[in-house]
Amino acid sequence: MILETCHQTWADEADCERAAQALAGTPPIRDACITLHGTLGVGKTTFVRHLLRALGVQGRIRSPSYAIVEPHELPDCPDLGIWHFDFYRFGDPREWEDAGFRDLFASPGLKLVEWPDKAEGLLPQPDLALVLDLQADGLRRVTWQAGTARGRELLQPLRSLQDHRH
Ligand SMILES: Nc1ncnc2c1ncn2[C@@H]1O[C@H](COP(=O)(O)OP(=O)(O)O)[C@@H](O)[C@H]1O
Ligand SMILES: [Mg+2]
């Protein structure tokens with residue numbers, strides 16, 4: 001279900017970083033589930049890195065790869081859960097329970113999810129979806145989709161960066 005959308009065009013990583021900073025400055029980000037959609041190499045992990053940096057995550061930000069989930073911590077807020085998922089290699093639905101993913105998604109905190117379609121039917125309704133598309137001209141077409149009331153709140157700071165070119 002999509003309640004509201006917002007479109008942007010990213011010319012470069014600085015545009016991606018601006019969007020990440022806008023979201024990081026919005027309090028509901030600290031208890032949100034955001035899915036990231038688009039082909040390999042489109043910039044999903046890059047966006048996650050900028051968002052985590054903007055929130056204050058220090059040190060190297062690794063991609064989840066085989067572990068599927070990579071937890072992160074804010075030095076000034078160690079109790080806040082932050083989980084970066086990449087379900088690209090997720091194949092066995094039994095793992096959902098066994099690896100504790102059900103519990104993580106039920107916990108308060110920030111969940112960022114690459115390749116959510118690989119865990120379809122298991123994931124809760126995301127608050128926000130980021131859909132990325134790399135065009136032939138090298139620009140990234142960006143669509144933000146709010147799926148919940150919280151997602152609509154998160155769309156607000158993104159609106160000031162909205163694409164007026166179409
Ligand atoms: N917004 C962007 N603008 C320009 N280049 C980007 C952008 N986002 C990502 N890239 C480039 O694309 C590469 C792959 O991005 P990545 O985030 O790993 O993709 P994904 O996680 O979607 O597979 C990055 O290493 C970077 O060089
Ligand atoms: Mg990735």
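Relevant structure appears above.
Residues numbered from 1 in each chain as written. Chains lettered and ligands numbered in written order. Predicted model: local features only at pLDDT ≥ 70, side-chain atom pairs only at ≥ 80, totals over all residues. Heavy atoms only, no water.

S.K.: What is the right way to read the overall build of the protein from this model?
M.R.: The number of helices and strands found in the protein is five helices and seven strands. Along the protein, helices and strands appear, N-terminal first, in the series β-α-β-α-β-β-α-α-β-β-β-α. On C-alpha atoms alone, the protein measures out to a radius of gyration of 15 Å, which is about the 15 Å that the 2.2 N^0.38 rule sets for 166 residues. With respect to the principal axes defined by its C-alpha atoms, the protein has extents near 45 × 35 × 30 Å. When each of the 166 residues of the protein is scored for burial, the buried share is 48%. Here the analysis covers contacts within the protein between residues at least 6 apart in sequence; of these, 65% occur between residues at least 24 apart. For the protein, the exposed area adds up to about 8,400 Å²; of that, 49% sits on carbon and sulfur atoms. In the protein, 18 positive and 24 negative side-chain charges are present, and the distance between their average locations comes to 3 Å. (Helix = DSSP H or I, 4+ residues; strand = E, 2+ residues; numbered from the N terminus. Rg over C-alpha atoms; globule rule 2.2 N^0.38 Å. Buried < 20%, exposed > 50% of the residue type's maximum accessible area, 1.4 Å probe, protein only. Contact = heavy atoms within 4.5 Å. Areas by Shrake-Rupley, 256 points an atom, 1.4 Å probe, with all protein chains shown as cover. Lys, Arg positive; Asp, Glu negative; His and termini not counted. Charge placed at Lys NZ, Arg CZ, Asp CG, Glu CD.)

S.K.: Quick question: what am I supposed to make of the site of ligand 1 here?
M.R.: Neighbouring ligand 1 are 14 residues, the closest being Gly41, Gly43, Lys44, Thr45 and Thr46. Between an oxygen atom of ligand 1 and a main-chain N or O atom of Val42, the distance comes to 3.3 Å. Interatomic distance of 2.8 Å between a side-chain N/O atom of Thr45 and an oxygen atom of ligand 1. Coverage of ligand 1 by the protein amounts to 68% of the 570 Å² it exposes when considered alone. Breaking the shell around ligand 1 down by element, the ones donating at least two residues are helix 1 (13–24) and helix 2 (44–55). Of all the elements, helix 2 adds the most residues to the shell around ligand 1, at three residues. Its residues assigned to classes, the shell around ligand 1 comprises four nonpolar, five polar and five charged. (Near = heavy atom within 4 Å. Polar contact = N/O pair within 3.5 Å; in protein donor to acceptor, adjacent residues only side chain to side chain. Nonpolar A, V, L, I, M, F, W, Y, C, P; charged D, E, K, R; others polar.)

S.K.: In this structure, what is going on with the coordination of the magnesium ion (ligand 2)? I would like to understand it.
M.R.: A metal bound by six donors in octahedral fashion has ideal angles of 90 or 180 degrees, whereas one bound by four tetrahedral donors has an ideal angle of 109.5 degrees. Looking at the magnesium ion (ligand 2), the protein donor atoms are Thr45 (OG1) and Glu114 (OE), and they sit 2.1 to 2.3 Å from it. With a gap of 69 residues between them, Thr45 in helix 2 and Glu114 in strand 5 (residues 110–114) connect regions that are remote in the sequence. By the burial criterion, Thr45 is buried, and Glu114 matches it. (Donors = N, O, S within 2.8 Å, 3.2 Å for Na, K, Ca; no water.)

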